[in-house]
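# Architecture at a glance
This is what each chain is made of:
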Amino acid sequence: MTGKTAFETRYGFRRNEVLLANWRENPFNRWSFQNLGELVPTARVAAAPGVVEAPVRDMGGLLGDKIMVASAPETVAEFLVRSSTDALTVMKGGKIVGDWFAPHMDFGARHIIFSISKSLTAIVAGILEGEGAFDPEAPVTVYIPEAAGSAYGDASVRHVLDMSVSLDFEEAYLDPESAFARYRRATLWNPGGGTESLREFILTLQRLAEPHGQTFRYRSPNSDLLGILLERASGQRFSDLMREKLWLPLGAFGEASIGVDMEGTARTAGGISVTPRDLARVGEMMRQGGMANGQRLVPEAWVRDTTSTGGSSEAWQRGTMALLFPKGRYRNKWYQTGAENGAYCGIGIHGQWLYVDPKTEVVIAKMSSQPEPVDDPLDVEIVAFFEALSRMI
């Protein structure tokens with residue numbers, strides 16, 4: 001009888017047990033969320049050569065401090081474990097306060113950020129808009145003429161950016177027979193893909209009777225379409241565009257990656273993997289109004305519109321996420337919490353968060369491997385945790 005391998009000792013299962021059919025399920029996601037490229041095709045987004053990340057910074061006594069986000073007090077460390085956190089990086093005033101890692105994640109490792117990918121993609125859109133190369137008010141068909149027969153045939157880029165396309169599609173994460181499962185196959189994220197590209201799938205989607213722009217509808221194909229829009233507008237592959245416009249100017253220390261489909265189309269709705277610190281640096285750039293390393297990446301007006309002034313309260317209230325942020329809004333793939341501290345965030349399934357509190361100057365990047373893709377009660381607790389942590393630092 002052979003003993004356990006080092007892999008099995010660390011993760012609790014064997015590598016050959018992680019399959020395309022189960023990689024988003026617990027416990028396999030503790031490994032797969034850090035190793036997307038071993039399961040699906042990915043494109044590289046390289047950092048500048050020769051940059052070396054500063055050593056891990058211990059969070060010290062902060063981990064033992066008590067917080068109250070549920071029915072009983074618990075320590076920061078206990079909440080991180082309870083919420084299936086893989087990594088946490090906290091910044092204040094532009095400086096790293098500390099890092100925390102679960103035993104199964106190493107400092108410097110990449111982790112998939114799922115739908116925070118949407119928020120990063122929108123930043124690239126904001127950069128191109130500032131350069132005059134992308135028009136958010138243009139019809140989708142200006143950039144993608146073949147979208148004419150789909151739900152996007154009479155939609156604007158703004159509708160795509162703000163998730164207000166009247167799209168007949170449901171985010172049925174756990175239904176293997178749904179259109180969402182077909183969507184996952186088109187992204188090569190589920191078994192059986194490779195017969196229909198992501199672009200082909202998106203352009204089969206039809207609209208609802210309601211006019212565009214009235215209701216916030218969280219539909220991920222909108223954000224994959226945004227990546228295609230940016231490629232058409234720029235003439236560049238999204239991975240190259242992201243590296244040139246965002247990753248290098250940001251001063252990212254780690255290489256990023258993004259999942260691609262059978263045609264090489266980037267999964268801009270959810271396929272980006274980055275290190276926790278580089279994700280926090282994105283949040284800090286937004287907190288600085290679009291500045292990083294002494295240079296402007298994104299127009300300040302775009303950042304202000306995205307994080308505080310833009311978006312429709314009415315459309316948000318008609319949507320399905322108002323319970324999380326009762327006074328919230330959604331703009332350019334970012335969530336405005338509507339809280340008194342003016343916080344805003346990017347959110348991804350299975351517990352991915354990029355939270356920015358402009359009042360306390362705190363940025364928090366949280367990467368997780370929660371068992372369920374969506375856990376509404378836990379999301380409410382996580383927001384309370386961020387608010388408490390921001391005040392403690």
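Fair warning: this is a prediction, and the values are worked out from it, not measured in the lab.

### Concerning the sheet that holds strand β4 (residues 85–92)
In spatial order, the strands read β5-β4-β15-β14-β13-β12-β11; together these 7 strands make up an open sheet with antiparallel pairing. Unpaired on one side and paired on the other, β5 (95–101) and β11 (329–331) mark the two borders of the sheet. Put simply, the sheet's adjacent strands are angled 20° from each other on average, direction ignored. With 6 bridges joining them, β4 and β5 adopt antiparallel strand pairing. Looking at the pairing, Leu88 lines up with Trp100 of β5.

### Some thoughts on the UniProt feature "domain: Beta-lactamase-related" (unreviewed entry) in the protein
The residues that UniProt annotates with the feature "domain: Beta-lactamase-related" (unreviewed entry) are residues 85–378. Taken end to end, residues 85–378 is 32% helix and 18% strand, and its two terminal C-alpha atoms sit 12 Å from one another.

### As for the pattern of salt bridges
Counted according to the given criterion, the structure contains 28 salt bridges. Asp162 is paired through a salt bridge with Arg331; the nearest N and O atoms lie 2.7 Å apart. On the criterion of sequence distance, the pair formed by Asp162 in the loop between α6 (157–161) and α7 (179–186) and Arg331 in strand β11 is long-range, its members being 169 residues apart. Arg331 shares its class with Asp162; the two are buried. Connected through shared salt-bridge partners, Glu53, Asp99, Arg277, Asp278 and Arg281 make up one network.

### Focus on the packing of helix α4 (residues 116–130) against helix α9 (residues 221–234)
The contact between α4 and α9 brings their axes to 10 Å, and the two run at 30°. When the interaxial angle is binned, α4 and α9 end up roughly parallel. As for the relative orientation of α4 and α9, their crossing is left-handed in sense. Contacts from Lys118, Thr121, Ala122, Val124, Ala125 and Leu128 in α4 reach Ser223, Leu226, Gly227, Leu230 and Ser234 in α9. A class-by-class count of the residues in the contact of α4 with α9 yields 6 nonpolar, 4 polar and 1 charged.

### A look at the packing of aromatic side chains
All chains considered together, the criterion is met by 27 aromatic pairs. With 4.9 Å between their ring centres and 75° between their planes, Tyr330 and Tyr335 make a pair best called edge-to-face. On the basis of relative accessible area, Tyr330 is assigned to the buried category, the value being 4%. Its relative accessible area of 3% is what places Tyr335 among the buried residues. Taking 5.6 Å as the distance between ring centres and 70° as the angle between the ring planes, the aromatic pair formed by Trp353 and Phe386 counts as edge-to-face.

### Considerations on α7
Along α7, the residues that are buried comprise Phe180, Ala181, Tyr183, Arg184 and Ala186. Against α8 (198–202) and α9 lie the buried residues of α7. Following α7 by one or two positions, Leu188 has its phi on the positive side, about 70°.

Reading guide: rules and limits
Residues numbered from 1 in each chain as written. Predicted model: local features only at pLDDT ≥ 70, side-chain atom pairs only at ≥ 80, totals over all residues. Heavy atoms only, no water. Pairing = 2+ DSSP bridges. Helix = DSSP H or I, 4+ residues; strand = E, 2+ residues; numbered from the N terminus. Axes fitted to C-alpha atoms, helices over the stretch in contact; angles between N-to-C directions. UniProt positions renumbered as here; feature names shortened; annotations may be inferred. Salt bridge = Lys/Arg side-chain N within 4 Å of Asp/Glu carboxyl O. Buried < 20%, exposed > 50% of the residue type's maximum accessible area, 1.4 Å probe, protein only. Parallel < 35°, antiparallel > 145°, perpendicular 65-115°, else oblique. Left-handed = near helix turned anticlockwise from the far one by under 90°. Contact = heavy atoms within 4.5 Å. Nonpolar A, V, L, I, M, F, W, Y, C, P; charged D, E, K, R; others polar. Phe/Tyr/Trp six-rings, centres within 6.5 Å; stacked < 30°, edge-to-face > 60°.

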